[in-house]
Amino acid sequence: YFLETLDQQIDLTRLLSIALRTAGLHDQLVNTHLEKPLLNENESWVITQSSIDLIRWPRLNEQLIVTTRVIEVNRFFVKRFFEIKVDSELLLTVVSQYAIINLESRKMARVSVSSLEAIQAIDDSIAYEFNKLRVPETYHSTERTGREIVAKDIDYNQHVNNEVYIRWSYEMLPQSYFADYNARKIEVKYGSELRFDEEAEVVAYLPDESIINEGLGEGSTLQTYQTIRNKTKQKDACYVRITWELK
C-alpha cells in the first residue's frame, strides 16, 4: 500500500482501513482452501476488541507492507495479528478479535474451528491477551458531547464503523495532548452497537492535573479514557484507552 497524500497529521483510521482490507484478502484466500466458506449467507465479521501498538508513524510516500495471520480461534472468536512495515522496519502492530454476526438476527454465530485447524490456518506461535479497560478513580470526566451519526459512519454491517469510534475519541482530547505527546498504544473494546437512527455521546476521562504537572520527564507516559455511549439504548457502545508518551 502506498500513501500518496497525507495531511499535517496522519489519520490512524486510514492505517486501520488498510489492515482491515488485508484481513479481507486473507479471508478470501483461506476460503479457497475450505470445503465450505467460514461465513454463511447473511453473516459477516465484526470486530469486538482491538489493541494497536505504535512505534512510529509512516512518512509521506513510504510504501507500506501489511501482513496478517490468525493466531487464536475458539467457538465464538478469532484473533488476528497484523504488522505494518516499511521494508524491514516495523511501524505498528494490531491485534483484533473478530466474531461472526447474523445480519438479520444481530446475534453471534459459531466459528468452525475444525475447518481452520484442518488447513493449518492458525499460527499459535503468538499469544495475546487483551487488557481490561477500566477508568481509574483518580480520573474525572472533563467533557461529554453528542455526536451526530451520518451515512458515511455506517459500514456494511449496518452499524457505526469501528474506525469512527477512534476518530471521535481523538477529537474529544485537548490539543495539548497532540502537541506534547505521541500516541503509543490504543486499546478499544466494543459493546452495544450504534446504528444510524440512534443517538451517540462521547465522554472523555483525563488524568488529574496534578499527575500531568508532576514534572514528567521525556519518555514518561499517561493514559486517557473515552467512552462512547448509545444514549438511545442507555448502553456503552465502546471503550477506548490511549497511552501517550511525552515527546
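Just so it is clear, the structure is predicted and the values come from calculations on it, not from any experiment.

Asks: What is the right way to look at the pairing of strand β3 (residues 78-86) in this model?
Replies: Successive residues of a regular strand alternate their side chains across the two faces of the sheet. The buried fraction of β3 amounts to 8 of the 9 residues, a majority that puts the element mostly inside the structure. Summarising the sheet, strand β2 (residues 65-73) and β3 pair through 8 bridges and their orientation is antiparallel. Across the sheet, the residue bridging to V73 is V78, located in β3. Hairpin connection of β2 to β3: 4 residues between the antiparallel strands.

Asks: What's the story with the pairing of strand β9 (residues 221-230) in this structure? I'm lost.
Replies: With 7 of its 10 residues buried, β9 lies for the most part within the structure. Direction of pairing for strand β8 (residues 200-206) relative to β9: antiparallel, over a ladder of 6 bridges. Within β9, the position partnered with A204 by the bridge is Q226. Of the pairings in the sheet, the one linking β9 to strand β10 (residues 235-246) comprises 10 bridges and is antiparallel in character.

Asks: Looking at this structure, I do not really get the side chain of S192. What am I missing?
Replies: Summarising the element assignment, S192 is placed in the loop between β7 (181-190) and β8. Taking relative accessible area as the criterion, S192 reaches 15% and is therefore assigned buried. Excluding anything up to four places from it in sequence, S192 contacts N230, K233, K235, D236 and A237.

Asks: What exactly am I supposed to notice about the side chain of E163 here?
Replies: Within the element layout of this structure, E163 appears in helix α3 (residues 162-171). Despite its burial, E163 remains without a salt bridge, the nearest opposite charge being carried by R21 at 7.5 Å. Not counting the four nearest positions on each side in its chain, E163 is found in contact with T13, L16, S17 and L20.

Asks: Would you mind going over the packing of aromatic side chains with me for this structure?
Replies: What characterises a pair of aromatic rings is the spacing of the ring centres plus the angle enclosed by the ring planes. According to the stated counting rule, one finds 10 aromatic pairs in the structure shown. A centroid spacing of 5.6 Å and a plane angle of 35° characterise the contact between Y170 and F178, whose relative ring orientation is tilted. Overall, the relative accessible area of 15% leaves Y170 in the buried class. Judged by relative accessible area, which is 17%, F178 ranks as buried. Summarising the aromatic geometry, the rings of Y170 and W244 are spaced 6.1 Å apart at their centres and angled 50° between planes, so their arrangement reads as tilted. Placement of Y170 in helix α3 and of W244 in strand β10 is noted, with a sequence separation of 74 residues between them.

Basis of the calculations
- Residues numbered from 1 in each chain as written.
- Predicted model: local features only at pLDDT ≥ 70, side-chain atom pairs only at ≥ 80, totals over all residues.
- Heavy atoms only, no water.
- Buried < 20%, exposed > 50% of the residue type's maximum accessible area, 1.4 Å probe, protein only.
- Helix = DSSP H or I, 4+ residues; strand = E, 2+ residues; numbered from the N terminus.
- Pairing = 2+ DSSP bridges.
- Contact = heavy atoms within 4.5 Å.
- Lys, Arg positive; Asp, Glu negative; His and termini not counted.
- Salt bridge = Lys/Arg side-chain N within 4 Å of Asp/Glu carboxyl O.
- Phe/Tyr/Trp six-rings, centres within 6.5 Å; stacked < 30°, edge-to-face > 60°.

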